[in-house]
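Reading the structure
Chain by chain, the residues:
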Amino acid sequence: MNYDKLLVVTSASWLAEDLAAAGTIDVEHTLGLEAPILDGRTALWCSGIFAVRMFKTGTTHPFLSAGPGWLPTVPAGFLRRDVWAGTVGYMPYRGEDPMFYKFAEHKHARVPAGLYLVEDTFQRHVRNVFTDADHIDSLHFVGSAPMNYVREYRCFIAHGKVTAASFYVATVPGIDDSAVTITWDAYEPDRSPDASLAAAFAQHVVHAMGDNQPPGYTLDVGEDEAGNWSVIEANAAWSSNIYHAPATSVIESILASQEPGNERWAWKPDQLFLSRSRPLPTGAPLR
C-alpha cells in the first residue's frame, strides 16, 4: 500500500477528526469544492456523488466496491431471504407482496430504498423521476424479500478480515405497538452497543466468500428478534459512515478499498448519474 495521506471530503468535520486522531496516516479535511489533483499517494474518503463528479471532471482513482451484482452471490444461509439484482429495464416478476428495492450503487432522495408493491411499482417510479433521461434501463438495482431487524451493524473488511465494527441502528417497541428507532449517535463511543457478535458473524461470511470479494469494503449485518443474523448489504469502504467503529482499523479497510490493480472490483457509476453530474472546478495540487 503506497498511500501516505487520506483526504477526507465531507462537511462532517467530526469524521475527519476521528480518522486523524487514529494517528496512523496524515489526514487532510476538505469540503470538496474543487477536484483534487491526486499524486498516487493520496487515498480518499468521500461520498459517491463526489466520486461521480470527480470522474466527470476527468480525475481517475482506483475506487473499489463489491459491485451491483455481488450481494446475491452470498450463500443463502447468510442472507436468510431471497435476494436478486439486475437493471431497471429488466425486472423479473417476484409476486404480489411488497418487496424491498434500492439502487445498487447510488443513493437518490426521490428514489429511496424501501418497500415497493411488486417490481413494476419501483420501475415506474424510477422512470417517472427520470423522465426522458438516457440510460434509465441500465440503472442497477438490488431487490430482496423484506426483513425485520432489531439491530444493525456495519463491519469494515480488509483483505479477508473484519477489522472494525459498529452498531448503527436499532428498532425497539414503543407505546401502543409503535416502533422507536435508536441510531448510533444516541450513544457515546465508549457506551455504544457491543458489536463483537456482528463482527464474528461477518467474519464467517467473509471467510465463505473466499476470493469473491474486493480487498476492502463494508458489510452491513443485522439481527432479528429470534437472534438470527443475516447480511443486509455491502458498501464501498471509501464512502461508508464509520459510526463508532475504531478509526485505526477503519482506515485499514478504507485504504484497502482503493488499491490499484484490482480492475475486477473497480467501482463504476451508473451511466445515468455520470451523464447528469456536473464536473468539479479544477483544484490546486495537494500539499
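Remember, predicted model here, so these are calculated numbers, not experimental data.

Procedures and definitions
Residues numbered from 1 in each chain as written. Predicted model: local features only at pLDDT ≥ 70, side-chain atom pairs only at ≥ 80, totals over all residues. Heavy atoms only, no water. Helix = DSSP H or I, 4+ residues; strand = E, 2+ residues; numbered from the N terminus. Rg over C-alpha atoms; globule rule 2.2 N^0.38 Å. Buried < 20%, exposed > 50% of the residue type's maximum accessible area, 1.4 Å probe, protein only. Contact = heavy atoms within 4.5 Å. Areas by Shrake-Rupley, 256 points an atom, 1.4 Å probe, with all protein chains shown as cover. Lys, Arg positive; Asp, Glu negative; His and termini not counted. Charge placed at Lys NZ, Arg CZ, Asp CG, Glu CD. Pairing = 2+ DSSP bridges. Axes fitted to C-alpha atoms, helices over the stretch in contact; angles between N-to-C directions. Expected span 1.5 Å × (residues − 1). Polar contact = N/O pair within 3.5 Å; in protein donor to acceptor, adjacent residues only side chain to side chain. Salt bridge = Lys/Arg side-chain N within 4 Å of Asp/Glu carboxyl O.

Things to note about the overall build of the protein chain
Helix and strand counts for the protein chain stand at 7 helices and 14 strands. In terms of overall dimensions, the protein chain is globule-like: its C-alpha atoms have a radius of gyration of 19 Å, near the 19 Å expected for 287 residues. Dimensions along the principal axes, computed over C-alpha positions, put the protein chain at roughly 55 × 50 × 40 Å. For the protein chain, buried positions account for 49% of its 287 residues. Contacts in the protein chain between residues far apart in sequence, at least 24 positions, make up 66% of those at least 6 positions apart. If you sum the accessible surface of the protein chain, you get close to 14,000 Å²; carbon and sulfur atoms cover 51% of it. Counting 21 positive and 33 negative side-chain charges, the protein chain places the averaged centre of each group 5 Å from the other.

Description of the sheet that holds strand β5 (residues 83-87)
If you trace the 4 strands from one edge of the open sheet to the other, you get β5-β8-β6-β7, paired in antiparallel fashion. In this open sheet, the two strands that pair with only one neighbour each are β5 and β7 (114-117). Each neighbouring strand pair of the sheet contributes to a mean axis angle of 35°, computed without reference to strand direction.

Regarding the sheet that holds strand β13 (residues 229-235)
Read from one edge to the other, the open sheet built from 5 strands follows the order β11-β10-β9-β12-β13, with strand pairing classed as antiparallel. In the strand order of this sheet, the two ends are held by β11 (179-183) and β13, each with one partner. Neighbour-to-neighbour, the strand axes of the sheet open up by a mean angle of 25°, direction not taken into account. Examined bridge by bridge, strand β9 (residues 151-158) and strand β12 (residues 216-223) share 8 bridges and lie antiparallel to one another. Bridged to E152 within β12 is G222. Lying on the sheet, helix α5 (residues 196-209) is in contact with β9, β10 (161-173), β12 and β13; it crosses β10 at an angle near 125°. Its contacts with the sheet put helix α6 (residues 247-256) on β9, β10 and β12, and the angle it makes with β9 is roughly 60°.

Some words on helix α4 (residues 118-129)
The first and last C-alpha atoms of α4 sit 18 Å apart over 12 residues, in line with the 16 Å expected at 1.5 Å per residue. Along α4, the residues that are buried comprise V118, E119, F122, Q123, V126 and V129. Looking at the buried side of α4, the elements it contacts are β6 (98-103), β7 and β8 (140-144).

Here's the deal with the environment of P281
With respect to the helices and strands, the residue P281 is situated in the loop between α7 (271-276) and β14 (282-285). Linking P281 and R53, residues 228 residues apart in sequence, is a C-alpha distance of 9.7 Å. Non-local contacts of P281, meaning those with residues more than four positions away in its chain, are made with L33, E34, A35 and R53.

Considerations on the environment of R41
Relative to the elements of secondary structure, R41 occurs in the loop between β3 (35-37) and β4 (42-45). With 35 residues separating them along the chain, R41 and L6 place their C-alpha atoms 8.8 Å apart. Not counting the four nearest positions on each side in its chain, R41 is found in contact with N2, Y3, D4 and K5. Here the side chain of R41 touches N2 through a polar contact of 3.4 Å, landing on its backbone oxygen.

Considering the pattern of salt bridges
Scanning the entire structure with this criterion turns up 9 salt bridges. Linking K5 and E28 is a salt bridge whose minimum nitrogen-to-oxygen distance equals 3.4 Å. With K5 in strand β1 (residues 5-9) and E28 in strand β2 (residues 26-30), this pair connects stretches of sequence that are 23 residues apart. E28 carries the same exposure label as K5, and that label is buried. Between R94 and D82 there is a salt bridge, with the nearest N and O atoms lying 2.8 Å from each other. With R94 in the loop between β5 and β6 and D82 in the loop between α3 (76-79) and β5, the pair connects residues that are 12 residues apart, well separated along the chain. A relative accessible area of 39% means that D82 is categorised as partly exposed.

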